[in-house]
Amino acid sequence: MSDSAHISKTLSFWLRHRPDAAGIELDAQGWASTDDILRALGKDHSTFDLDQLLDVVEANDKRRFELSADLDRIRARQGHSVEVDLELQPSPPPAVLYHGTPERFVDTISAEGLRRMARHHVHLSSDALTARKVGARRGRPVVLVIDAASMVDAGHTFYVTSNGVWLTESVPPRFLRVAS
Ligand code: HQG
C-alpha cells in the first residue's frame, strides 16, 4: 500500500470511528482540528505538514475527506460509526440505486432488508459498477437493485453526501432485488 493510501486509512479510522486513538476530539459535526491531526500523524511520520495532508486529501480516490475553507478543520464526508451530525439535507434520489454486497449476505438481506449495521445509514450508489466494487471488498460481489422511487412514495428519506454516496435509514426487502 502506498504511503498516501496508508495515511488515508489511518485518517478514516480516526475521523469516522476512533478519534480517541489519535488523542483528538471531533466536534458535533465531525470536524477535527487540522493541527491536531498533523500532530497525531507526526508521531508515525516524523515530519508531516499541511502540504502533505492536502496531497493525501486530494489523492483520495473516493474524496473521503473535506477541509474547511480556512484549512483549520478536517472531517470525513461519511461512513462514521461515532455519533456526528453531518447536516445532510434530504434529497430526491434517482429512481434506481444500487448496493453491492458479498454473496453470503444475500439470503439474509432478502429476508430482512438492508440494515445500516455499524454505520449511521445504509450506503447506496447511483451506478452498479461502484456497487460491485463495494461488494467485492469482502467476497464474491452481488449487486442489489433498489427501487428508490417506490421508497420515496412510501415515505423513506434519502440523503446524498458531497462525494455522491446516497444514504438512507434502511431498505425493506420489498424494495430490493438481485441484479440479473
Ligand atoms: C451488509 C466503503 C446481513 C451490507 C464502501 C454490507 C462503501 C447486511 C455490510 C461504504 C444486512 C455492512 C459502505 C443484513 C446490510 N444482513 N448483512 N440485513 N444489511 N448488510 O462497510 O455498504 O471505503 O458498513 O451489504 O466503499 O459495505 O469506507 O457497508 O456488506 O461506500 O469510504 O453489511 O464503505 O467506503 O458493511 O460500505 P459496511 P458497505 P469507504
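Residues numbered from 1 in each chain as written. Predicted model: local features only at pLDDT ≥ 70, side-chain atom pairs only at ≥ 80, totals over all residues. Heavy atoms only, no water.

## Focus on the nonpolar core
Ranked by internal contacts, the top residues of the largest apolar core, which has 18 residues, are L11, L15, I37, L41, L53 and I74. Elements with a minimum of two residues in this core: α1 (3–17), α2 (34–42), α3 (50–59) and β3 (73–76). If near-sequence neighbours (up to four positions away) are discounted, L11 is found in contact with R16, I37, L41, L53, V56 and F65. With 16 residues, the next largest nonpolar core counts I109, L144, A148 and V171 among its residues. (Core = buried A, V, L, I, M, F, W, Y, C linked by side-chain atoms within 4.5 Å. Buried < 20%, exposed > 50% of the residue type's maximum accessible area, 1.4 Å probe, protein only. Helix = DSSP H or I, 4+ residues; strand = E, 2+ residues; numbered from the N terminus. Contact = heavy atoms within 4.5 Å.)

## Thoughts on the domain arrangement of the protein chain
When cut into domains, the protein chain gives domain 1 (3–76) and domain 2 (96–178). Spacing between the C-alpha centres of domain 1 and domain 2 amounts to 28 Å. (Domains from an automatic or database assignment.)

## Remarks on the site of the ligand
Taken together, 20 residues lie around the ligand, and R16, K62, H99, T101 and E112 are the ones closest in. Contact distances for the ligand include 2.6 Å between an oxygen atom and a side-chain N or O atom of R16. Measuring from an oxygen atom of the ligand, one finds a side-chain N or O atom of R138 at 2.8 Å. Summarising the interface, the protein chains cover 89% of the accessible area of the ligand, which totals 780 Å² for the free molecule. At the level of elements, β4 (96–102) and α4 (106–112) are the ones that each hand at least two residues to the shell around the ligand. Partitioning the shell around the ligand into residue classes produces six nonpolar, six polar and eight charged. Each of domain 1 (3–76) and domain 2 (96–178) contributes no fewer than three residues to the shell around the ligand. (Near = heavy atom within 4 Å. Polar contact = N/O pair within 3.5 Å; in protein donor to acceptor, adjacent residues only side chain to side chain. Areas by Shrake-Rupley, 256 points an atom, 1.4 Å probe, with all protein chains shown as cover. Nonpolar A, V, L, I, M, F, W, Y, C, P; charged D, E, K, R; others polar.)

## Section: the sheet that holds strand β6 (residues 141–147)
Strand order in the open sheet formed by three strands is β4-β6-β9, with antiparallel pairing between adjacent strands. The outermost strands of the open sheet, each flanked by one partner alone, are β4 and β9 (176–178). Between one strand axis and the next, the sheet turns by 30 degrees as a mean value, whatever way the strands run. Here helix α5 (residues 128–136) sits on the sheet in contact with β4 and β6, set at roughly 20 degrees to β4. (Pairing = 2+ DSSP bridges. Axes fitted to C-alpha atoms, helices over the stretch in contact; angles between N-to-C directions.)

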